[in-house]
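What the coordinates show
One letter stands for each residue in the lines below.
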Amino acid sequence: MKLLDARPASHDQLQEDEHWMREALRWSLRGKGWTSPRPSVGCVLVRDGHIIGGGHTEKGNGRPHAEVVALREANQHGDARGATAYVTLEPCSHYATTPPCSSALIENGVKRVVAGVLDPNPAVAGNGFRMMREAGLEVVEGVLAAECARAMDEFLFSIGRKTPFVCLKSAVSLDGKIALQSGESKWITGSQARAQGHKMRHYADAVLVGIETVLQDDPGLSVRLDEPTTQPLRIVLDSSARLPLDAKIWQDAPALLVAVSDNAPRARIEALQSQGATIIECERGIDGQLAWKPFLQELGHREIVSLLIEGGARVAGSALRAGVVDKVAWFVAPMLMGDGKSALSGFEVEHLGIAPRLSLVETRTVGPDVLIEGYLKPIPGMTTVH
């Protein structure tokens, strides 16, 4: 989906627009993790250099979108006439679970709309911009497009193809190891990086690991933060249904899905089901590994919009080999582990010219560690990814 160029603007106007769009982005992050399958959009209404209303997409289908929340706040203290709306995603133009936000902005007298990214949803896809322009509003597109796209990447990737956005996360040493040869891996990264990892789980609809990770590390995969959070669906790739019934992954789980092969022992499947697990029998490729694309289609049918893959090395290598990873999030700790276990297994690159290379890369420190994030595919709604 093509992102239309922003209208030419003066340097001062562009700086002002970017300033207020960052405020809208801050609003959007307040709702992230709570609104799936809808994106968490942020909106601020600005008049005479002051915010008169702000909001983000509210939790639950049928609840107001960001623009309506911001308008509601503005109308409590006057009205929104003559204001500029800064919104991270193109305002919707259709009736779904809520009325069109484009119409609400028009009806409330907003004179100018500044948007981050175009909505690739076929029901919108530029129609919101068109409606507002036809009503006489000034519309500016593409302000802080990359930042806005990152903030709702799971929605932008999943809405058109109906399969989840896939983020591959790992925590490694400087020499790319996830564990010592003995299997010891706690803790490679510090507490601040681990807290950020928990926030990623809160943002995701589902978190996935392979059975070897469960047997080796016994992870819980829960979100543990000192703030209200959601708990993701937990998924284990377990071809032989070996998942222990006393594993930590069962604890406080809202739901647990176990993906097995067609030759998994029936008795083991029944034991897992009796404890509350949902079982999916998955297709296998000619190499005997999980056929990722049919599996992701099944998750899409279950309204899983975002999937966080946390381990282990074979699962990560398999997902990369299948070409299903959209984003990589790599925590790098300032330590050396020598002959440890690699972060990837079963993934080989024949020459550097075809090695997967990240785009839209962001690097930041998280305590003593470094987080590197980037995309393996262009984000829908953007013309280019740098």
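This text follows the structure it describes.
Predicted model, so just to flag it, every value in this text is computed and none were measured.

Structural notes on the overall build of the protein chain
A tally of helices and strands in the protein chain yields 11 helices and 16 strands. Here the C-alpha radius of gyration of the protein chain, 22 Å, is about what a compact globule of 386 residues would show, namely 21 Å. Each principal axis of the C-alpha distribution contributes one length, and for the protein chain these read about 65 × 45 × 40 Å. Considering the protein chain as a whole, with its 386 residues, one finds that 52% of them fall into the buried category. Counted over contacts in the protein chain with a minimum sequence separation of 6, partners at least 24 positions apart contribute 70%. Averaging the coordinates of the 41 positive side-chain charges in the protein chain and doing the same for the 46 negative ones gives two points 1 Å apart.

A look at helix H11 (residues 313-322)
Counting buried residues in H11 gives seven out of 10 residues, a clear majority hidden from the surface. One or two steps after H11, the chain reaches Gly 323, where phi turns positive at roughly 75°.

With respect to the pattern of salt bridges
Going through the model one piece at a time under the given rule, you end up with 18 salt bridges. Across the pair Lys 327 and Asp 153 runs a salt bridge whose closest N-O atoms are separated by 3.2 Å. Of this pair, Lys 327 sits in strand E13 (residues 327-333) while Asp 153 sits in helix H6 (residues 153-161), and the two are 174 residues apart along the sequence. Among the residues examined, Lys 327 registers a relative accessible area of 11% and is labelled buried.

Some words on the sheet that holds strand E3 (residues 84-89)
With mixed pairing, the five strands of this open sheet are ordered in space as E2-E1-E3-E4-E5. If you trace the sheet from one side to the other, it starts and ends with strand E2 (50-56) and strand E5 (138-140), each paired once. Each strand of the sheet is rotated relative to its neighbour by a mean of 15°, with strand direction disregarded. Bridging between strand E1 (residues 42-47) and E2 involves six bridges; their strand directions are antiparallel. Across the sheet, residue Val 44 finds its bridge partner in E2, namely Gly 54. Helix H2 (residues 66-76) contacts E1, E2 and E3 of the sheet and is inclined by roughly 140° relative to E2.

Some details on the environment of Leu 118
Residue position: Leu 118 is located in the loop between strand E4 (112-117) and helix H4 (127-134). By relative accessible area, Leu 118 is classed as buried at 4%. Taking the C-alpha atoms as reference points, Leu 118 and Ala 149, 31 residues apart in sequence, are found 9.4 Å from one another.

Description of unusual backbone geometry
Backbone geometry follows two general trends: most residues other than glycine have a negative phi, and most peptide bonds adopt the trans configuration. In this chain, Ser 36 is followed by Pro 37 through a cis amide linkage whose omega measures 10°. Following Lys 186, the chain continues into Trp 187 via a peptide bond in cis, with omega recorded as -5°. For Trp 187, the position within the fold is in the loop between strand E7 (177-179) and helix H7 (191-203). Positive phi, close to 65°, is recorded for Leu 221, a residue that is not glycine. Along the chain, the position of Leu 221 falls in the loop between helix H8 (211-217) and strand E9 (233-237). One non-glycine residue, Ala 241, lies in the positive phi region at around 55°. Its place among the elements puts Ala 241 in the loop between E9 and strand E10 (256-260).

A closer look at the nonpolar core
Counting 77 residues, the largest nonpolar core has Leu 45, Val 110, Leu 243 and Ile 249 as the members making the most contacts within it. Per-element accounting of this core gives the leading share, five residues, to helix H5 (residues 145-151). Contact partners of Ile 249, with chain neighbours within four places excluded, come to Val 209, Pro 219, Gly 220, Leu 221, Arg 234, Val 236, Leu 243 and Leu 256. Counting 30 residues, the second-largest nonpolar core is a separate cluster that includes Ala 206, Ala 259, Phe 295 and Val 315.

Remarks on the environment of Arg 201
Mapped onto the elements of the fold, Arg 201 is located in helix H7. Setting aside residues no more than four positions away along its own chain, Arg 201 makes contact with Val 207, Leu 221, Ser 222, Val 223, Arg 224, Pro 232, Leu 308 and Glu 310. Among the polar contacts made by the side chain of Arg 201, one reaches the main-chain carbonyl oxygen of Ser 222 at a distance of 2.7 Å. At 2.8 Å, the side chain of Arg 201 and the side chain of Glu 310 are in polar contact.

What to know about the pairing of strand E11 (residues 278-281)
Bridging between E10 and E11 involves four bridges; their strand directions are parallel. Within E11, the residue paired with Ala 259 across the bridge is Ile 280. Since E10 and E11 lie parallel, the crossover through helix H9 (residues 266-274) that links them has a hand, and here it is right-handed.

Here we look at the packing of aromatic side chains
A complete count under the given rule lists three aromatic pairs for this structure. Plain terms: the ring middles of Phe 157 and Phe 165 are 5.2 Å apart, the flat faces sit at 35° to each other, and that makes the pair tilted. With relative accessibility at 4%, the residue Phe 157 sits in the buried group. By relative accessible area, Phe 165 is classed as buried at 5%. With a centroid separation of 6.1 Å and an interplanar angle of 15°, the aromatic rings of Phe 157 and Tyr 375 are classed as stacked. Separated by 218 residues along the polypeptide, Phe 157 in helix H6 and Tyr 375 in strand E16 (residues 369-375) bring together distant segments of the chain. Pair check on accessibility: Phe 157 and Tyr 375 agree, each one buried.

What counts, and where the lines are drawn
In this numbering scheme, every chain counts its residues from 1 along its sequence in written order. In view of the model being predicted, local features appear only for residues whose pLDDT reaches at least 70, and side-chain atom pairs are presented and counted only at 80 or more, with totals across whole chains, interfaces and linings using the full set of residues. Where side-chain values are given, they derive from all heavy atoms of the structure, hydrogens and water being excluded. Secondary structure elements follow DSSP: runs of H or I no shorter than four residues count as helices, runs of E no shorter than two count as strands, and numbering proceeds from the N terminus. Each radius of gyration is computed over the set of C-alpha atoms, and the globule rule expresses the reference value as 2.2 Å times the number of residues to the power 0.38. Only protein chains enter the accessibility calculation, which uses a 1.4 Å probe; a residue is then buried when its area is under 20% of its type maximum, exposed when over 50%, and partly exposed in between. Note on definitions: a residue-residue contact is assigned when non-hydrogen atoms from the two residues lie within 4.5 Å. Charge counting treats Lys and Arg as positive and Asp and Glu as negative, with His and both chain ends excluded. Where a charge lies is defined by one atom per residue type: Lys uses NZ, Arg uses CZ, Asp uses CG and Glu uses CD. Basic side-chain nitrogens of Lys or Arg form a salt bridge, by our definition, when they fall within 4 Å of a carboxyl oxygen of Asp or Glu. When DSSP finds at least two bridges between two strands, those strands are taken to pair. Under this scheme, a helix contributes an axis fitted over its contacting stretch, all axes are lines through C-alpha atoms, and angles between N-to-C directions fall in the 0 to 180 degree range. As used in this record, nonpolar core signifies buried Ala, Val, Leu, Ile, Met, Phe, Trp, Tyr and Cys residues forming a set joined through side-chain atoms within 4.5 Å. The definition of a polar contact used here is a pair of N or O atoms within 3.5 Å, where within protein one atom must be able to donate a hydrogen and the other to accept one, and adjacent residues in sequence count solely through side-chain atom pairs. Handedness rule for crossovers: strands pointing away from the viewer, path from the first strand over the helix to the second running clockwise, crossover right-handed. Paired rings are identified among Phe, Tyr and Trp, the last through its six-membered ring, by centres lying within 6.5 Å, and are further divided according to the angle between planes into stacked (under 30 degrees), edge-to-face (over 60) and tilted (the rest).

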